[in-house]
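Below are the chains, spelled out letter by letter.
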Amino acid sequence: MSERVLFKLFVEEKNVGKAINVMTLAGITGFFLHKYRGLSPDKFKNLSKKDLEDVEKVYDIIEKESDKAVVIGTVVKNEKAKKIEELLKERMSDERWTVMKIPILKVKVHKV
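Position labels on residues start from 1 in each chain and follow its written sequence. Whole-chain, interface and lining totals are the exception, using all residues; otherwise, since this is a predicted model, local features are given only for residues with pLDDT of at least 70 and side-chain atom pairs are given and counted only at 80 or more. Hydrogen atoms and water are omitted, and side-chain values are computed over all heavy atoms in the structure.

Numbering of helices and strands runs from the N terminus, with a helix taken as a DSSP run of H or I at least four residues long and a strand as a DSSP run of E at least two residues long. Secondary structure summary: the protein contains four helices and four strands in total. Along the protein, helices (α) and strands (β) appear in the sequence β-α-β-α-α-β-α-β when read from the amino end. Atoms considered for the radius of gyration are the C-alpha atoms alone. The globule rule reads 2.2 Å times the number of residues to the power 0.38. The C-alpha radius of gyration computed for the protein amounts to 17 Å, which surpasses the reference 13 Å derived for 112 residues by more than 25%, pointing to a less compact arrangement than a globule. The buried label goes to any residue with under 20% of its type's maximum accessible area, the exposed label to any with over 50%, and the partly exposed label to all in between, with areas taken from a 1.4 Å probe on protein chains only. Among the 112 residues that make up the protein, the fraction classed as buried is 26%. A contact between two residues is defined here by any heavy atoms of the two lying within 4.5 Å. Across the protein, the fraction of contacts at a sequence separation of at least 24, relative to all contacts at a separation of at least 6, is 86%. Computed with a 1.4 Å probe, the accessible areas rest on the Shrake-Rupley method; for each residue, only the protein chains presented here act as cover. Counting only carbon and sulfur atoms, one obtains 52% of the accessible surface of the protein, whose full area is about 8300 Å². For the purpose of charge, His is not counted, nor are the chain termini; Lys and Arg are scored as positive and Asp and Glu as negative. Each charge is placed at NZ for Lys, CZ for Arg, CG for Asp and CD for Glu. Computed over 24 positive and 18 negative side-chain charges, the inter-centroid distance for the protein is 8 Å.

Given below as C-alpha cells:
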C-alpha cells in the first residue's frame, strides 16, 4: 500500500485560485481550506519579552503586520504529492508558497 500524506499548501490569500487550479490539474477533487493570518518570525524578532507579554500589543502587531493567507489541505499518496509540488514549481514559480507533508499512520472513521 502506498504511503499517504496530509498535504498542506500555504499560500497568500490572493493566490488561492491559482493554487486550487494546480490541485485540480494534479487530479485532486477533495480538499479543505482554512484562512489565517501569517506572521513571519522576522517581524517578532525586535520585540522584547515584555512586549510579547502584552496581549493587546501582540494583537495590534498581528493586525498591522500579518499577511492574509490560506492553508489548502488534502490527503494523497506520496506520488501525487510529488506531482502537486512539480506543478506548483511550474505554475506558481513567482509566488510565495509553502508545502508541508505529514505522514498518515492511520485513519479511523467512527460513525455514531
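Having seen the model, we can carry on.
Let us look at helix 4 (residues 78-91). An ideal rise of 1.5 Å per residue puts 20 Å on 14 residues; helix 4 measures up with 20 Å between its terminal C-alpha atoms. Within helix 4 the residues assigned to the buried category are Ala81, Ile84, Leu87 and Leu88. Taken end-on, helix 4 shows its buried residues confined to a sector of 125 degrees, consistent with a single buried face. Residues of helix 4 that are exposed and point over 90 degrees away from its buried face: Glu86, Lys89 and Glu90. Each element contacted by the buried residues of helix 4 is listed here: strand 1 (4-12), helix 1 (16-25), strand 3 (67-77) and strand 4 (97-103). Multiplying one less than the number of residues by 1.5 Å gives the expected span of a helix. This arc describes the spread of directions from the helix axis toward the C-beta atoms.

Opposite charge on two side chains permits pairing when their charged atoms draw close. Basic side-chain nitrogens of Lys or Arg form a salt bridge, by our definition, when they fall within 4 Å of a carboxyl oxygen of Asp or Glu. Using the criterion set out here, one finds seven salt bridges in the structure. Its salt-bridge partner being lysine 18, residue glutamate 95 comes within 2.7 Å of it at the nearest N-O pair. With glutamate 95 in the loop between helix 4 and strand 4 and lysine 18 in helix 1, this pair connects stretches of sequence that are 77 residues apart. For lysine 18, a relative accessible area of 40% puts it in the partly exposed group. Close ionic contact of arginine 91 with glutamate 90 constitutes a salt bridge, the shortest N to O distance being 3.4 Å.

Right, let's get into the layout of surface pockets. With a 1 Å grid laid over protein atoms only, a set of points is called a cavity when a 1.4 Å probe fits there but cannot get out and a pocket when it is open yet has protein on both sides within 12 Å along at least five of seven lines; lining residues have an atom within 4 Å of a point. Grid points are joined across faces, edges and corners, and a volume is the space filled by probe spheres set on the points. Quantified by volume, the largest pocket comes out at close to 250 Å³. If you go around the largest pocket, you meet 13 residues; those closest to its centre are Tyr36, Gly38, Asp67, Ala69 and Arg96. At the level of secondary structure, the elements contributing two or more residues to the lining of the largest pocket comprise strand 1, strand 2 (32-38), strand 3 and strand 4. Per-element accounting of the lining of the largest pocket gives the leading share, three residues, to strand 1. Each residue gets one label: Ala, Val, Leu, Ile, Met, Phe, Trp, Tyr, Cys and Pro are nonpolar, Asp, Glu, Lys and Arg are charged, and the others, such as Gly, are polar. For the lining of the largest pocket, the per-class residue count stands at six nonpolar, three polar and four charged.

Counting through the fold element by element, threonine 74 comes out in strand 3. Given the relative accessible area of 6%, threonine 74 is considered buried. Each residue touching threonine 74, except ones within four places of it in the same chain, is listed here: Val5, Leu6, Phe7, Met23, Ile28, Gly30, Phe31 and Phe32.

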